[in-house]
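These are the residues of each chain, in order.
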Amino acid sequence: MGIEEYGGGQGPGPEVLVVTTNDLPGHRVQEVLGEVFGLTVRSRHLGSQIGAGLKSMVGGELRGLTKTLVETRNEAMERLVEQARARGANAVLAFRFDVTAAADVGTEVCAYGTAVVVARE
């Protein structure tokens, strides 16, 4: 499994910068546009569930589930960035993920943060 399959986050020079911090060093917040989020729900694949069950008996990483979760988080983050861009933001502060089970049939992943307009100081 290559790094691109289990990593995430933004590439260099994003149009909307997403950070986990409450401020952005070297920048001044000009306008707070409010909360933005990206949400996705993924159903559980029967094959990966069976494989995960077998793997859990012998131990080790559940690579199929890891890959699915990374894809799901990246999709939620992309939706958050789309929403921020649509509101006119060029950054999202206080970025977080929330992951919950969705009625025993899947996993809900919500990426959220505060959309802002920032300018270099």
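Calculation notes
- Residues numbered from 1 in each chain as written.
- Predicted model: local features only at pLDDT ≥ 70, side-chain atom pairs only at ≥ 80, totals over all residues.
- Heavy atoms only, no water.
- Salt bridge = Lys/Arg side-chain N within 4 Å of Asp/Glu carboxyl O.
- Helix = DSSP H or I, 4+ residues; strand = E, 2+ residues; numbered from the N terminus.
- Pairing = 2+ DSSP bridges.
- Phe/Tyr/Trp six-rings, centres within 6.5 Å; stacked < 30°, edge-to-face > 60°.
- Buried < 20%, exposed > 50% of the residue type's maximum accessible area, 1.4 Å probe, protein only.

Engineer: Help me understand the pattern of salt bridges in this model?
Structural biologist: For side chains bearing opposite charge, pairing can occur when the charged atoms are close. Taken as a whole and assessed by the stated rule, the structure comprises four salt bridges. Where Glu 75 meets Arg 79, a salt bridge forms, and the shortest distance between an N and an O atom there is 3.0 Å. Here Glu 75 and its partner Arg 79 are both found in helix α3 (residues 63–86), four residues apart, which amounts to about one turn of the helix. Connected via shared salt-bridge partners are Arg 42, Glu 71, Glu 75 and Arg 79.

Engineer: Explain the pairing of strand β3 (residues 91–102) here, please?
Structural biologist: Along a regular strand, successive side chains alternate from one face of the sheet to the other. When strand β1 (residues 17–18) meets β3, the two strands line up parallel, connected through two bridges. Counterpart to Leu 17 in the pairing with β3 is Ala 91. As defined by bridge partners, β3 adjoins strand β4 (residues 106–120) across 10 bridges and the pair is classed as antiparallel. By the bridge assignment, Ala 101 is partnered in β4 with Thr 107. Adjacent in sequence and paired antiparallel, β3 and β4 are bridged by three residues, among which Ala 103 carries a positive phi angle near 50°.

Engineer: I would appreciate a short explanation of the packing of aromatic side chains in the present structure.
Structural biologist: Aromatic ring pairs are described here by two measures, namely the spacing of the ring centres and the angle between the planes. On inspection of all chains with the given rule, the structure shows one aromatic pair. Judged by centre distance (4.9 Å) and plane angle (75°), the ring pair of Phe 95 and Phe 97 falls under edge-to-face. Judged by relative accessible area, Phe 97 falls into the partly exposed class, the value being 25%.

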